[in-house]
Amino acid sequence: MKNIYKVNDNKFKSIYVSYNFTFETKKDEIPKNVITSLILSKGCNKYKTSKEIEEYLSSLYGTNFDINMEKIGDLYNIEFRLECVNKEFLPNKEDVLKPAIDFLYEILYNPKIENNQFDIVTFEREKSFILDKINKRKDEKLKYAVLKTEEILCEKEPFGTYIYGNIKDAEDVKLEDIANTYIKLIEKSSISIVVSGNLNGYDDIDQYIENVFKNKLEKVILSKELINISYKNRNVNEEIKEIKEKTQTNQAVITLGMRVENLEDDDFYALNIYNSILGGTPSSKLFQNVREKESLAYTAKSRYYRFKGIFVIYAGIEEINYEKAKTVILKQIEEMTNCDISESELNSSKESLISDLLEWNDSKISLAKLAYTNAISEKNLTIDELIDNMKKVQLEDVARVAKKVKVELIYLLGGEDSEK
Amino acid sequence: MKNNIEIIKNETLNETIHKTILSNGLEVYICVRPGFTKKIGMFGTKYGSINNDFVDISTGKRVVMPDGVAHFLEHKLFEKEGENSLDLFSKEGISSNAYTSFDHTVYFFETIDKFKKGLEMLIELVKTPYFTVENVKKEQGIIGQEISMYDDDPNFNVYFNALRAMYINHPIRIDIAGTIESISKIDKDILYSCYNTFYNPNNMFIVIVGDVNVEDTVNIIETKVKLYEKNIKSEKVMKFGVSEPTNILQKKIEKVMGIYMPQISIGYKLVPTEKNEIIKREVISDLISEMYFSKSSKFYEIEYNKGAVSDDIDFIYEGTTDFSHIIISTMSTKTDIIQEDIFNYIENLKNNDIDLKLFENTKRRKIGENIVESENLNNSYRRIIDSILNESQLYYDLEILSNITIEDIKDFLNTLEYSKSVISIVK
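If you're wondering where the values come from, they're calculated on a predicted model, not measured in any experiment.

S.K.: Go over the sheet that holds strand β1 (residues 6–10) of chain B, please, and point to the residues and values.
M.R.: Residue and element names in this part refer to chain B. One open sheet accounts for seven strands, arranged β1-β2-β3-β11-β4-β10-β9; its pairing is mixed. Of all strands in the sheet, those with a lone pairing partner are β1 and β9 (95–100), marking the two edges. Within this sheet the neighbouring strands show an average axis-to-axis angle of 15°, counted without direction. Bridge analysis of strand β2 (residues 15–21) against strand β3 (residues 27–32) gives six bridges, and the strand direction is antiparallel. Pairing of Thr20 across the sheet is with Val28, part of β3. The sheet strands contacting helix α1 (residues 69–77) are β9 and β10 (105–111), and the helix crosses β9 at an angle near 165°. Helix-sheet contacts for helix α3 (residues 115–127) involve β4 (39–45) and β10, and the interaxial angle to β10 is about 160°.

What follows is the structure in structure tokens.
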């Protein structure tokens, strides 16, 4: 079957099943989808409540079940995940994988719907859970500053929305929306299933999944078009915006938002190296200068968002040092643009990125993630190929992409407490 | 020289740990994980934020140090003449870091294909202190920002305030990083005094996890360590504890941080225990947490439907030979309701019979979870470090799980006394 992917490695003892619904979304539709999938995960016709679900999973030797949401650029992905032990490692070689897959089918395709409506009590509960989640994102200042930077930088794009959506859109979700959202989710999403881990004794697991889910797996939209939307959705601003926000805090956070102009598929490797040299490791320019040399911060990092072609730089500072920190950070970016980069910076960045890639081999979840990314982008890159491509990057490649990186936003999450 | 290597094998996880003690007293543990690409090396000292009062090994005199010195020392050890070790590791493509806890400090590296190099660099890092007046001053700015970062973290505040409410004299009350004021008193002489005392081989351990050759690894360690062993003393450190009463300091601490979602921690102060008993308490608490507080519990369902909790309720045991407590924490906009309900619930649990089916089902869950968690290399070193610090048997956690009875659960619940409980709220 085309959309079931297997990754087998006998060094593991367990198995991870990831059932993904990937779809194009608008900002205001995010909370509907989130609440719908939460409701699905909290009960179905066969296992009516969370409690019944957990009891059943306990009996499957603590099979873990949860859901995870992720923005893949401007696409949205909802992942239903299972993690269980391979029968070889269990008393009496009891198989829990197949029952877990049957369980997942019940959760996804046999939900509790009466008179075309989901349960109102569950709905209200999950809605308020999500509203709380959205509201409390402000409670952790560093993370919030990064989120806020993503939001301002990508204001008009779906990506620039918090993972659970906006407050107002979440408040507007009604019970009646859920049934339709559910139908849309299971019928219009691109579905990909990854099974990874120790598949010893489970040669036929893809066949088994196909038999359980049957026609549910058929309606797969060609996702290559979907994923390219992320690249097209860009709007590069020429001016640099400077925004300050007040909050009750001891430490201020300075962030910079940057965007890559004319992003191309092949830029991926050089941009990762760019990020690593700028702020990805302890030998990076940001760490060495903002922290070690100027003693301005404990945290000073940059992050690259591969599916969106943006960067966020962040550092926790004392508010009075804002101008100084800004100058130091801008100077590091300028050095990148001018390709003021040594061979040793290039090589150590490559080494550290290659180590990170090799480390994926140790995690069945990372391996599943790679299989999923390959699936939605219709590629078939192995870790070895990724490494080879990373090795090929030369200084001039970094110089070429560095010229395409534009600062669009400088943001300060400032303290009321620190003003005293 | 042939070392005497003890082999500890666990059948459930199909995992083996090799243990040896070098002639200088340094303990070495190697957990071989075939097939894994990553190798982890850790060099640790049984010295953390609570060890402020001790006999300086060089002078033989008792000293009391400023708060936060163990953590400060951890930062400063990375600094070498004209270079920084973090940077050196990073330039080799090896990632490295360190952490300081209440009772230990660990330096570590992770690598794929530069294990020997990384291990030698790690030993060099720990064995070559370079403290100067200037570099101490510079670090005060960086750690100052680290302290501010924690000051803004509601989670950290609610936890530490629970400890501060429970403990009267014990240094566990004090932030691991100290305060901006206390770290301003740290100078290079203080750092050397702490370093010489606690970073002696007798007080240290090395833990290796990954697909490595045991003999080779021991040889690398032995050869490298020897290079730095001129003029150093290796002996047991005299640490002074405080006498901590069994009662609590205050019932409640509330802090206003202007956050949206209030956080609450309820603490129960317990009488410390030792060795395997510490591990047993951890396993029992883990079962209690799953049976009575997890999302599948009846209690959670009731509280959730009341709107009194909005996320997980954690029930966690923390303890060494020196301190011991339970912390129950959650987030809630109705902290008054949830605190009262938790207190009443614990009293009810003590008096009610334990549901045998729930108990057996939860054990079954934990057996599966232990196998899944064991895939993670971090799980191997955590178990080893726990066993070093607690002087407990390796893999005792797995052994005891199958032997825990309903009576054990009940006995433990009965040690939670309302009069020894505290409430910490951040809102």
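S.K.: Describe helix α9 (residues 276–293) of chain B, with residues and values.
M.R.: Each α-helix turn comprises 3.6 residues. Residues three or four places apart therefore point the same way. Along its 18 residues, α9(B) runs 25 Å from first to last C-alpha, staying within 8% of the 26 Å computed at 1.5 Å per residue. Taking burial as the measure, the 18 residues of α9(B) include 13 buried ones, the bulk of the element.

S.K.: Hey, could you go over the domain arrangement of chain B for me, with residue numbers and the actual values?
M.R.: Residues and elements named next belong to chain B. Segmenting chain B into domains produces domain 1 (6–226) and domain 2 (252–426). A straight line from the C-alpha centre of domain 1 to that of domain 2 covers 28 Å. In this assembly, 34 residues from domain 1 lie in contact with 30 residues from domain 2. Only β1, β2, β3, β4, α5 (154–166) and β11 (204–210) provide two or more residues apiece to the side of domain 1 that touches domain 2. If you tally residues by element for the side of domain 1 that touches domain 2, the top one is α5, at 10 residues.

S.K.: Explain helix α12 (residues 356–374) of chain B to me, and be specific about the residues and the numbers.
M.R.: A rise of 1.5 Å per residue sets the reference length of α12(B), with its 19 residues, at 27 Å; its end C-alpha atoms lie 27 Å apart and thus fit the reference within 8%. For α12(B), the full list of buried residues reads Asn361(B), Thr362(B), Arg365(B), Lys366(B), Gly368(B), Glu369(B), Ile371(B), Val372(B) and Ser374(B).

S.K.: Please set out the pairing of β3(B) residue by residue, giving values where relevant.
M.R.: Residue and element names in this part refer to chain B. Counting the residues that bridge the hairpin from β2 to β3 gives five residues, and of these Gly25 lies at a positive phi of roughly 100°. Sheet topology note: the β3/β11 ladder contains six bridges and is parallel. Along β11, the bridge assignment pairs Glu27 with Phe205.

S.K.: Go over the domain arrangement of chain A with me, naming the residues and quoting the values.
M.R.: Residues and elements named next belong to chain A. Each domain of chain A was delimited in the assignment, giving domain 1 (4–229) and domain 2 (241–419). Each of domain 1 and domain 2 has a C-alpha centre, and these two points are 29 Å apart. Contact with domain 1, which involves 29 residues of that partner, is made by 30 residues of domain 2. Taken together, the elements giving at least two residues each to the side of domain 1 that touches domain 2 come down to β1 (4–8), β2 (14–24), α5 (141–153), β7 (190–197) and α9 (223–232). The residue inventory of the side of domain 1 that touches domain 2, partitioned by class, reads 15 nonpolar, 10 polar and four charged.

S.K.: Tell me what's going on with the environment of Gly241(B), and back it up with residues and numbers.
M.R.: All names here are of chain B. When you line up the elements, Gly241 lands in the loop between α8 (214–226) and β12 (252–255). Gly241 sits in the partly exposed class, given 14 other C-beta atoms within 10 Å. Sequence separation between Gly241 and Ile143 is 98 residues, and the spatial gap between their C-alpha atoms is 26 Å.

S.K.: Describe in detail the sheet that holds strand β12 (residues 405–415) of chain A, supporting the description with residues and values.
M.R.: Residues and elements named next belong to chain A. Taken together, five strands build an open sheet; the order of strands is β8-β12-β9-β11-β10 and the sheet is mixed. Because the sheet does not close on itself, it has two edges, and the strands there are β8 (241–247) and β10 (300–305). Ignoring which end each strand starts from, the neighbouring axes of this sheet average 15° apart. As paired elements, strand β9 (residues 252–260) and strand β11 (residues 310–317) share eight bridges and run antiparallel to each other. When the sheet's bridge partners are listed, Val253 is paired in β11 with Gly316. Against the sheet, helix α10 (residues 267–280) touches β9, β10 and β11, its axis set at about 170° to β10.

S.K.: Residue-level account of the interface of chain A and chain B, with values.
M.R.: Each partner contributes to the interface: chain A provides 52 residues, whereas chain B provides 49 residues. Of all the elements, helix α13 (residues 343–359) of chain A adds the most residues to the side of chain A that touches chain B, at eight residues. A class-by-class count of the residues in the side of chain A that touches chain B yields 12 nonpolar, 22 polar and 18 charged.

S.K.: Break down the confidence of the model for chain B for me, citing the residues and quoting the values.
M.R.: When pLDDT is averaged along chain B, the result is 95; 100% of the residues meet or exceed 70. For this predicted complex, the interface confidence reaches an ipTM of 0.89, while the overall pTM sits at 0.93.

S.K.: Kindly report on unusual backbone geometry, identifying the contributing residues and their values.
M.R.: Residue and element names in this part refer to chain B. At Lys275, a position not held by glycine, the phi torsion is positive, near 45°. Taking the number of C-beta atoms within 10 Å as the measure of exposure, Lys275 has 14 and is therefore partly exposed. The phi dihedral of Glu391 is positive, around 55°, even though this residue is not glycine. Residue position: Glu391 is located in the loop between α13 (377–390) and α14 (396–403).

Criteria and cut-off values
- Residues numbered from 1 in each chain as written.
- Chains lettered and ligands numbered in written order.
- Predicted model: local features only at pLDDT ≥ 70, side-chain atom pairs only at ≥ 80, totals over all residues.
- Pairing = 2+ DSSP bridges.
- Helix = DSSP H or I, 4+ residues; strand = E, 2+ residues; numbered from the N terminus.
- Axes fitted to C-alpha atoms, helices over the stretch in contact; angles between N-to-C directions.
- Contact = placed C-beta atoms within 7 Å.
- Expected span 1.5 Å × (residues − 1).
- Buried ≥ 20, exposed ≤ 12 C-beta atoms within 10 Å, placed from the backbone.
- Domains from an automatic or database assignment.
- Nonpolar A, V, L, I, M, F, W, Y, C, P; charged D, E, K, R; others polar.
- pLDDT = per-residue confidence, 0-100.

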